[in-house]
Amino acid sequence: MSSSIHSFSDLREANSPHLIPFLEIQSKRPDPNHFLAESELVLQRALQSNWAVQSVLGTPARLQRLRLHAQNHCILIEVKQQELNQWVGFDLHRGCIGQIKIPTSSEPQSLDFSELPNRIVVAERHSDPANIGTLLRNARALGADMVVLDSKGASPYCRKTARASAGQLFTQPFRVMDSRSFVRTVKKSARHRILGAT
């Protein structure tokens, strides 16, 4: 079932809390439980995935298309482009932005080492979220079964990563954990070989 569309003006007049995540976003501290992603392609892939998209703020045409993929728990908010720019605090040319819940399954303890997939890409301490996004996009294109992102590197849960990944953040399986500890554990497995390292 698709979600109904709400009016930005009506929600703003009612002081709805659903608008707060999108207000002046560049001046806010990161939310430990949610992050934002923008662009129609990125949000379409997020909505088609198992990730929990809480709400989407977007222009009418983009919202109508995204509505086809949204579940009934996702709150869709229609807004004019000028109002969107004013609310988020900059010119959001992509015309839509969504709030997404960070999955608890990303925690290291959820990984079962006895059932690791075959093709694994390990990234050690990447500091640039855009590089992480590019890595996830390339891993998806090359058929990687899983990506391990170092917990000491940049967080993948941000607008920059989602944008650079072209939405593959939501399709490429990955885990955030200590990459060196992971490699030491995998080296003990007879099923895996390290094919390249720097």
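Below you will find a few notes about this structure. (Residues numbered from 1 in each chain as written. Predicted model: local features only at pLDDT ≥ 70, side-chain atom pairs only at ≥ 80, totals over all residues. Heavy atoms only, no water.)

### Notes on the state of the cysteines
Right, so step 1: Throughout the structure, instances matching the rule amount to zero disulfides.
Right, so step 2: Here Cys96 is not disulfide-linked; the sulfur of Cys74 is the nearest cysteine sulfur, at 11 Å.
Right, so step 3: Just so you know, Cys158 is unpaired, no disulfide at all, and the nearest cysteine sulfur is the one on Cys96, 17 Å from it. (Disulfide = S-S within 2.5 Å.)

### Things to note about the side chain of Ser179
Right, so step 1: Secondary-structure assignment places Ser179 in helix α7 (residues 179-187).
Right, so step 2: The buried category is assigned to Ser179, whose relative accessible area is 2%.
Right, so step 3: Looking at Ser179, its side chain comes within polar contact range of the side chain of Asp150, at 2.5 Å.
Right, so step 4: Residues within four places of Ser179 in sequence aside, it is in contact with Val122, Ala123, Glu124, Val148 and Asp150. (Helix = DSSP H or I, 4+ residues; strand = E, 2+ residues; numbered from the N terminus. Buried < 20%, exposed > 50% of the residue type's maximum accessible area, 1.4 Å probe, protein only. Polar contact = N/O pair within 3.5 Å; in protein donor to acceptor, adjacent residues only side chain to side chain. Contact = heavy atoms within 4.5 Å.)

### Overview of the sheet that holds strand β1 (residues 5-7)
Right, so step 1: The five strands are arranged β1-β4-β3-β5-β2 in an open sheet whose pairing can be described as mixed. Strands at the two margins of the open sheet, each flanked by one partner only, are β1 and β2 (34-38). For this sheet, the mean angle separating the axes of adjacent strands, direction not counted, is 25 degrees. (Pairing = 2+ DSSP bridges. Axes fitted to C-alpha atoms, helices over the stretch in contact; angles between N-to-C directions.)

So yeah, pure geometry; function would need other evidence.
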